[in-house]
Amino acid sequence: MDGIAESKIAVELSTAGLRKHVNEMYPAPAFLEMAIEAGAPIALSSDAHRPRTSGADYDRALELLDTLGCAS
């Protein structure tokens, strides 16, 4: 995680999985928590392929980030 944080390349939190069979955001919350603790930047993504899904479920992503102690 230190290497990821030092790279300054954002870890993507994608809501796309909520619209797929896995029905969860990725990466896994444990991975995301470690990245946040290491100081890695986080970027939100909906992996939208249609305008109506652009930004989909960002409210849930922001809730997750809040529970992990990431300031928005």
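**Re the nonpolar core**
Formed by 14 residues in total, the largest nonpolar core has its most connected members in Leu13, Met25, Leu32, Ile36, Leu64 and Leu65. Looking at this core, the elements that each hand over two or more residues are β1 (11-14), α2 (29-38) and α3 (58-67). With near-sequence residues (within four places) excluded, Leu13 lies in contact with Met25, Tyr26, Pro27, Leu32, Ile42, Ala43, Leu44, Ser45, Ala61, Leu64 and Leu65.

**Digging into the confidence of the model for the protein chain**
Looking at the protein chain, pLDDT values average 94 and 97% of them are 70 or higher. Per-element confidence in the protein chain ranges from a low mean pLDDT of 95 for helix α1 (residues 2-7) to a high of 97 for β1.

**A word on unusual backbone geometry**
Residue Pro27 is reached from Tyr26 by a cis peptide bond, and omega for that bond is 10°. With respect to the secondary-structure elements, Pro27 resides in the loop between β1 and α2. The backbone of Lys8 shows a phi angle near 65°, a positive value even though the residue is not glycine. By secondary structure assignment, the location of Lys8 is in the loop between α1 and β1. According to the relative accessible area criterion, Lys8 is exposed, its value standing at 65%. Its identity is not glycine, yet Asp47 carries a phi of approximately 45°, on the positive side. Inspection of the secondary structure puts Asp47 in the loop between β2 (42-45) and α3. Judged by relative accessible area, which is 36%, Asp47 ranks as partly exposed.

**So, the pairing of β2**
Summarising the sheet, β1 and β2 pair through four bridges and their orientation is parallel. Its bridge partner lying in β2, Ser14 is registered against Ser45. Regarding the hand of the β-α-β motif, the stretch spanning β1, α2 and β2 is right-handed.

**Concerning the environment of Ser46**
For Ser46, the position within the fold is in the loop between β2 and α3. Its relative accessible area of 5% is what places Ser46 among the buried residues. For the pair Ser46 and Glu12, spaced 34 residues apart in the sequence, the C-alpha separation amounts to 9.7 Å. A polar side-chain atom of Ser46 sits 2.9 Å from the main-chain amide nitrogen of Gly55.

Conventions adopted
Residues numbered from 1 in each chain as written. Predicted model: local features only at pLDDT ≥ 70, side-chain atom pairs only at ≥ 80, totals over all residues. Heavy atoms only, no water. Core = buried A, V, L, I, M, F, W, Y, C linked by side-chain atoms within 4.5 Å. Buried < 20%, exposed > 50% of the residue type's maximum accessible area, 1.4 Å probe, protein only. Helix = DSSP H or I, 4+ residues; strand = E, 2+ residues; numbered from the N terminus. Contact = heavy atoms within 4.5 Å. pLDDT = per-residue confidence, 0-100. Pairing = 2+ DSSP bridges. Right-handed = clockwise from strand over helix to strand, strands pointing away. Polar contact = N/O pair within 3.5 Å; in protein donor to acceptor, adjacent residues only side chain to side chain.

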